[in-house]
Amino acid sequence: GYAETIASTEVMFEMIDIPGGSFLMGSPENEADRKADEGAQKEVSVDDFYMAKYETTWDVFELFFKQNRELFVKLDNDKVIKIDAITRPSPPYEDPSYGMGKEDFPAVSMSAYSALVFCKWLSTVTGKFYRLPTEAEWEYAARAGSTTAYSFGDVTNIDDYAVYYKNAKGVYAKVGTKKPNAWGLYDMHGNAAEWTLDEYKAD
């Protein structure tokens with residue numbers, strides 16, 4: 001993978017190289033607590049792609065949220081013009097973190113559209129193409145080569161790998177506080193929910 005530092009800032013994030021391959025997407029019918037829309041299983045192939053090592057944090061998202069033009073004047077003029085053309089979200093009426101913390105915490109409570117436009121903004125300021133993962137890419141990355149219900153195997157190990165309702169005390173946690181999966185990705189189980197590129201419809 002690689003680390004990306006956003007120009008004119010000290011803010012950085014890390015990307016993991018995910019090797020392409022094929023996998024059975026969805027859950028088998030006999031899996032405990034399976035929901036009807038988790039199947040039927042189908043074989044899906046994905047190409048190599050990159051996935052963020054951690055959930056996107058507030059320090060990265062708020063650069064886009066505030067879209068401080070003065071901060072990015074050192075970029076070439078073409079990039080500055082493109083940044084100005086990207087519509088940032090409207091200022092929130094209340095703290096979007098709900099007082100749960102921002103430094104090293106995952107950015108939450110944005111719409112799918114804001115997540116998409118954030119990717120467009122990030123692509124503009126870095127000069128690399130960033131997008132949300134597809135649902136298939138997300139599940140493939142979350143499974144990390146496993147075929148069990150959880151990438152770490154038995155559910156009895158869940159406290160080592162996930163921040164979830166039984167151990168979260170009603171708040172999300174800083175990113176990377178639990179163990180990563182086999183491909184080095186953190187918080188693929190639990191903590192904040194992630195948007196994907198696909199739109200879900202029951203039919």
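### Topic: the pattern of salt bridges
And step 1. This model, assessed by the stated rule, comprises four salt bridges.
And step 2. A salt bridge links Lys128 to Glu4, with the shortest nitrogen-to-oxygen separation between them at 3.0 Å. Note that Lys128 is positioned in the loop between helix H3 (112-126) and helix H4 (135-143) and Glu4 in strand E1 (residues 2-5), a separation of 124 residues in sequence.
And step 3. Close ionic contact of Lys53 with Glu14 constitutes a salt bridge, the shortest N to O distance being 3.5 Å. Of this pair, Lys53 sits in the loop between strand E5 (49-52) and helix H1 (58-66) while Glu14 sits in strand E2 (residues 12-18), placing them 39 residues apart in sequence.

### A short note on H1
And step 1. A large share of H1 lies buried, amounting to seven of its nine residues.
And step 2. Turning to H1, its buried residues are Trp58, Val60, Phe61, Glu62, Leu63, Phe64 and Phe65.
And step 3. Contacts made by the buried residues of H1 are with E2 and H3.

### Let's talk about the pairing of E2
And step 1. Across four bridges, the pairing between E1 and E2 is antiparallel. The residue bridging Glu4 from the neighbouring strand is Phe13, located in E2.
And step 2. Hairpin connection of E1 to E2: six residues between the antiparallel strands, including Ser8 at a positive phi of 70°.

### A word on unusual backbone geometry
And step 1. The step from Gly39 to Ala40 runs through a cis peptide bond, and the omega angle for that step is 0°.
And step 2. Looking at the secondary structure, you find Ala40 in the loop between strand E3 (21-25) and strand E4 (42-46).
And step 3. In the Ramachandran plot, Asp104 falls in the positive-phi region, its phi being about 70° despite a non-glycine side chain.
And step 4. Structurally, Asp104 is set in the loop between helix H2 (77-85) and H3.
And step 5. By relative accessible area, Asp104 is classed as partly exposed at 38%.
And step 6. Within the chain, Asn191 stands out as a residue other than glycine whose phi angle is a positive 60°.
And step 7. Along the chain, Asn191 turns up in the segment after helix H5 (158-161).
And step 8. Relative accessible area serves as the criterion here: at 16%, Asn191 is assigned to the buried category.

### Thoughts on H3
And step 1. Here H3 spans 21 Å end to end across 15 residues, near enough to the 21 Å set by a 1.5 Å rise per residue.
And step 2. Here H3 has its buried residues at Ser114, Ala115, Val117, Phe118, Cys119, Trp121, Leu122, Ser123, Thr124, Val125 and Thr126.
And step 3. Positive phi appears at Gly127, one or two residues downstream of H3, with a value of about 80°.

### Points about the sheet that holds E1
And step 1. Strand order in the open sheet made by the three strands is E1-E2-E5, with antiparallel pairing throughout. Only two strands of the sheet have a single neighbouring strand rather than two, namely E1 and E5. On average, adjacent strands in this sheet sit at an angle of 35° to one another, irrespective of strand direction.
And step 2. Summarising the sheet, E2 and E5 pair through four bridges and their orientation is antiparallel. Looking across to E5, one finds that Asp17 is bridged to Tyr50.

The rules behind these values
Residues numbered from 1 in each chain as written. Predicted model: local features only at pLDDT ≥ 70, side-chain atom pairs only at ≥ 80, totals over all residues. Heavy atoms only, no water. Salt bridge = Lys/Arg side-chain N within 4 Å of Asp/Glu carboxyl O. Helix = DSSP H or I, 4+ residues; strand = E, 2+ residues; numbered from the N terminus. Buried < 20%, exposed > 50% of the residue type's maximum accessible area, 1.4 Å probe, protein only. Contact = heavy atoms within 4.5 Å. Pairing = 2+ DSSP bridges. Expected span 1.5 Å × (residues − 1). Axes fitted to C-alpha atoms, helices over the stretch in contact; angles between N-to-C directions.

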